[in-house]
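Descriptive analysis of the structure
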Amino acid sequence: MPNHSQKEFLVVKGPQRSALYDLVKGRVYSIPGTFASHLTPYIYSPETEAPAKGPVGPLSFLFLELTHRCNLQCRHCYVSAKAEPSTDQGLNLKDWTEILDSAHGLGCRSVQFTGGEPLLFPDLRPLVLSALSIGYDSVEIFSNGTLLRRDEWRDFPRDKVCFALSLYSCEDNVHDTITGVAGSHKRTCEAFHQLKEMEYLVRIGYILFEENLPHDQATRDFVLELTGDPDQAIPDMVRPSGRGRDCGLQTQHRVNHPRGVSYIEFKPEPGRAFAYKPTCWKGKLAITPEGAVIPCIFSRNFVLGDLRESSLEEIIDSQKAKGLWNITLEDVTVCKYCEYRYACSDCRSIAETTTGDLYAKNPACRYDPNSKDQGTPMKRNTEKPITISPKLIPKQRSGLNIKDLKEEILILSPETKGVHLLNLTSAFILECCDGTRSVEAIVEEIMGTFHMSPDQRDRVSQDVYDTLKRFAGLGIITG
């Protein structure tokens, strides 16, 4: 078996296209399936060179549902939280503290307190202090924020305690319609600003519905303005759990990252150059107010054990828990053939709760490896914008290895160790970057070569500028 750790690139074949994995930069590029035969020394074969599955690993994260009570009545609530107290006897401060202590002994260092509404749990502050005294590095409180009292949260360490707030629209009336309580949008926004003034780290949880879909872009802009983090402006989908099972809430607009650059990123497991990528719930557990242990707050059908009957260590050591934690995309229908299966993020709870099949493809994914008519699932471009001057005289970087694949051009850059795939138009623009033409001269060259009419000049000019910006970001031109 080849030593993957000594390879810089590996090729994984898919039904239609192949994926080129850059093991140095942690990037994956889409390449034509026919080109894979030119990279024989790098080709990974699932029949003969299956990457090793990593060990199950320790417990790394806990969701603790402190209560099923909530002062709001969100239409999509995954636990069907209610305002009145439950008749069931829930876990108390002593119980939760013992759970935190046991989990810490099993390797866990991060916990989220959620609900229902965790601010309705009477001993939340003492429980946060307990988590800190036990030795947790990260304690997050996921709340709607409407019950936040500033004076109660002045004295916690900002490097260990943080908050997450649910926000469903930039429009007051839309948010309040979803929560079922007038004025909730205003109070949540006030809580956000109060926490920021106290210098807490605060993230936003935004979910897309049919109701807020018309304001989606405005809400993304609003969240981005609040947080300054583009990732938080990407909405999640309604999870079909609790009241979220109402089919009328499900938007048909699947939630995907915007497309921006020609690669996706991945991180092999520590100590392994190439390995199966586990699903998102590996190393995580959620615990309900009654002590039931489930793999995720959204996966309520898989009860792994009951802390009133078994210890946390016994539950984690069970074959049921290990089996769920060790699921990879090699076990998932359709995904097992996809060329991106070693880099793709996956959520088994979305797949199971939406389809009823634990091994179904995540319905939020738009990519079909069997289709000929689509490109690469792409990662958002979060790099700083690049400015191209009209007087710039761009020039190809020396040493580029350019291969003509008939319908596409593959470029390997030894200097940057980058791999880039260009369509024929982009390849023509790169050919014009010979160190003698200005940007405007390249526009003229394209207008003349392709017999473009004068009314198309603005579009051609914009395409040239956008392409050169991309080239500059990839480091394949100078000037």
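This is a predicted model, so every value here is computed, not measured.

Conventions and cut-offs
- Residues numbered from 1 in each chain as written.
- Predicted model: local features only at pLDDT ≥ 70, side-chain atom pairs only at ≥ 80, totals over all residues.
- Heavy atoms only, no water.
- Helix = DSSP H or I, 4+ residues; strand = E, 2+ residues; numbered from the N terminus.
- Buried < 20%, exposed > 50% of the residue type's maximum accessible area, 1.4 Å probe, protein only.
- Contact = heavy atoms within 4.5 Å.
- Areas by Shrake-Rupley, 256 points an atom, 1.4 Å probe, with all protein chains shown as cover.
- pLDDT = per-residue confidence, 0-100.
- Core = buried A, V, L, I, M, F, W, Y, C linked by side-chain atoms within 4.5 Å.
- Polar contact = N/O pair within 3.5 Å; in protein donor to acceptor, adjacent residues only side chain to side chain.
- Salt bridge = Lys/Arg side-chain N within 4 Å of Asp/Glu carboxyl O.
- Pairing = 2+ DSSP bridges.
- Axes fitted to C-alpha atoms, helices over the stretch in contact; angles between N-to-C directions.
- Parallel < 35°, antiparallel > 145°, perpendicular 65-115°, else oblique.
- Left-handed = near helix turned anticlockwise from the far one by under 90°.
- Nonpolar A, V, L, I, M, F, W, Y, C, P; charged D, E, K, R; others polar.

A few words on the overall build of the protein chain. Within the protein chain, the secondary structure is distributed over 11 helices and 20 strands. Within the span of the protein chain, comprising 479 residues, buried residues form 49% of the whole. Look at the contacts in the protein chain between residues 6 or more apart in sequence, and 66% of them connect residues 24 or more apart. Summed over all atoms, the accessible surface of the protein chain reaches about 22700 Å², with 50% contributed by carbon and sulfur.

Moving on, we come to the confidence of the model for the protein chain. Overall, the prediction assigns the protein chain a mean pLDDT of 83, with 81% of residues at 70 or greater. Every residue in residues 1–5 scores below 50 in pLDDT, and together they form 10 contacts with partners more than four places removed in sequence or on other chains. Scored below 50 in pLDDT, residues 253–261 makes 29 contacts in the model with residues more than four places away or belonging to other chains.

What follows is about the nonpolar core. Formed by 77 residues in total, the largest nonpolar core has its most connected members in Leu62, Leu64, Phe113, Val128, Tyr136 and Trp153. Per-element accounting of this core gives the leading share, six residues, to helix α2 (residues 124–134). Excluding residues within four positions of it along the chain, Leu62 makes contact with Ile99, Ala103, Cys108, Ser110, Val111, Gln112, Tyr136, Leu285 and Ile287. Among the nonpolar cores identified, the runner-up in size contains 25 residues, and Ile429, Cys432, Tyr465 and Ile477 belong to it.

Within the secondary structure, Asp306 is located in strand β15 (residues 305–306). Here the side chain of Asp306 touches Arg308 through a polar contact of 2.8 Å, landing on its backbone nitrogen. Apart from the residues within four sequence positions on either side, Asp306 is in contact with Glu290, Gly291 and Ile315.

A full pass over the atoms with the stated rule returns 19 salt bridges. Arg149 is paired through a salt bridge with Asp151; the nearest N and O atoms lie 3.7 Å apart. In this structure, Glu197 engages Arg150 in a salt bridge whose closest nitrogen and oxygen atoms are separated by 2.7 Å. Of this pair, Glu197 sits in helix α4 (residues 184–197) while Arg150 is found in the loop between β7 (138–143) and β8 (161–166), placing the two residues 47 residues apart along the sequence. In the salt-bridge network here, residues are joined through shared partners; they are Arg149, Asp151 and Glu152.

Our next topic: the sheet that holds strand β9 (residues 202–205). Strand order across the open sheet formed by eight strands is β9-β8-β7-β6-β5-β13-β14-β15, with mixed pairing between neighbours. Of all strands in the sheet, those bounded by a partner on one side alone are β9 and β15. Across the sheet, helix α1 (residues 93–105) touches β5 (61–65), β6 (110–114) and β13 (284–287), and the angle it forms with β5 is around 170 degrees.

The contact between helix α10 (residues 439–449) and helix α11 (residues 457–474) brings their axes to 10 Å, and the two run at 125 degrees. Taken together, the axes of α10 and α11 are oblique relative to one another. Remark: the crossing between α10 and α11 carries right-handed chirality. Between α10 and α11, the residues in contact are Val439, Glu440, Ile442, Val443, Glu444, Ile446 and Met447 and Arg457, Val460, Ser461, Val464, Tyr465 and Leu468, respectively. Of the residues that constitute the contact of α10 with α11, the class distribution is nine nonpolar, one polar and three charged.

Below, the discussion takes up the pairing of strand β1 (residues 9–13). Most of β1 is tucked away: four of the five residues are buried. In terms of strand pairing, β1 meets strand β2 (residues 17–22) through five bridges, oriented antiparallel. From the neighbouring strand, Leu10 faces β2, where its bridge partner is Tyr21. Two successive antiparallel strands, β1 and β2, enclose a turn made up of three residues.

Attention shifts here to the environment of Val332. Note that Val332 resides in the loop between α7 (319–325) and α8 (348–355). Val332 sits in the buried class, given a relative accessible area of 0%. Between the alpha carbons of Val332 and Ala360 there is a distance of 5.8 Å; along the sequence they are 28 residues apart. Leaving out residues up to four positions away in the same chain, Val332 has contacts with Arg348, Tyr359, Ala360 and Lys361.

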